[in-house]
Amino acid sequence: MKQKKGFVLRDVCGEKAIIGEGVETVDFGKLISLNETAAWAWEKAAELGDFTAEQLSEALCQEYDVAPERAQADIEKLLAQWQQMGLVES
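Notes on the structure follow. Worth saying up front: this structure is predicted, and the values here are computed from it rather than measured. (Residues numbered from 1 in each chain as written. Predicted model: local features only at pLDDT ≥ 70, side-chain atom pairs only at ≥ 80, totals over all residues. Heavy atoms only, no water.)

### Concerning the pairing of strand E4 (residues 31-34)
Thought 1: Residues Ile-32 and Leu-34 of E4 are buried on one face, while the alternating residues Leu-31 and Ser-33, pointing to the opposite face, are not.
Thought 2: Looking at chain direction, strand E3 (residues 15-20) and E4 are connected through 4 bridges and run antiparallel. Note on E4: the bridge partner recorded for Ala-17 is Ser-33. (Buried < 20%, exposed > 50% of the residue type's maximum accessible area, 1.4 Å probe, protein only. Helix = DSSP H or I, 4+ residues; strand = E, 2+ residues; numbered from the N terminus. Pairing = 2+ DSSP bridges.)

This is the structure:
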């Protein structure tokens, strides 16, 4: 899985948000606000480039005090939301 080209994480009035930049996202027209953990996951996914839910959940466990099962479930839910919004692709 990887992030779609043209989506970036920005600081908007003290909040982290994903916005679309460039021609690839002309029809997007949204600003997606992220909590601290989701913003961290977006940055980690960008760092990894091509990533899996397992890689992100393992990294989440290393970064935060969270049980592996909870991390996996949370990452899978987050990725499903990102896929539905068209932010990531397989």
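### A few points about helix H2 (residues 53-63)
Thought 1: Taken together, the buried positions of H2 are occupied by Ala-53, Leu-56, Ser-57, Ala-59 and Leu-60. Projected down its long axis, H2 shows its buried positions confined to an angular sector of 160°, all on one face. Facing away from the buried side of H2, by more than 90 degrees, are the exposed residues Glu-58 and Gln-62. (Arc of directions from axis to C-beta.)

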